[in-house]
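Structural features, examined
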Amino acid sequence: MATTNKTLRTCKKGHQYYKSSDCPTCPICEQERKPVNGFLALLSAPARRALEHNGITSLEQLSTYTEKEILQFHGMGPASLPKLRAALQNEGLAFKN
């Protein structure tokens, strides 16, 4: 079994955590800011951050993009699309064609 070299890090809020990647995201801060409801709560943290980074925080905003455009966002993967489609459909919306 391979071992990973995790380093102890401290975020700006003072949380200490171990990480093996170069990703600067604090998992404690990320958990604290995760929405408890709405379509963003259905997504993984990288997918949620991808939408937020691109200014998409509502289903109305999401509906102005095609699925192909959404998949181009760093952090967004195909596993998130069914969740997004369902959330849009529940509101009578859909991805742009």
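For the structure, check the block above.
Description of the structure in this document. (Residues numbered from 1 in each chain as written. Predicted model: local features only at pLDDT ≥ 70, side-chain atom pairs only at ≥ 80, totals over all residues. Heavy atoms only, no water.)

Attention now moves to helix α2 (residues 45–53). For α2, the complete set of buried residues consists of Ala-47, Arg-48, Ala-50 and Leu-51. Down the axis, α2 shows its buried residues gathered within 155 degrees of arc, on one side only. Looking at the buried positions of α2, the neighbouring elements they touch are α1 (27–33), α3 (59–62), α4 (67–71) and α5 (81–90). A positive backbone phi angle near 80 degrees is found at Gly-55, which sits one or two residues after α2. (Buried < 20%, exposed > 50% of the residue type's maximum accessible area, 1.4 Å probe, protein only. Helix = DSSP H or I, 4+ residues; strand = E, 2+ residues; numbered from the N terminus. Arc of directions from axis to C-beta. Contact = heavy atoms within 4.5 Å.)

This part covers the environment of Pro-46. Here Pro-46 is to be found in helix α2. The exposure class of Pro-46 is partly exposed, given its relative accessible area of 37%. Along the primary structure Pro-46 and Thr-25 are separated by 21 residues, whereas in three dimensions their C-alpha atoms are 10.0 Å apart. Aside from chain neighbours lying at most four places away, what touches Pro-46 is His-74 and Gly-75.

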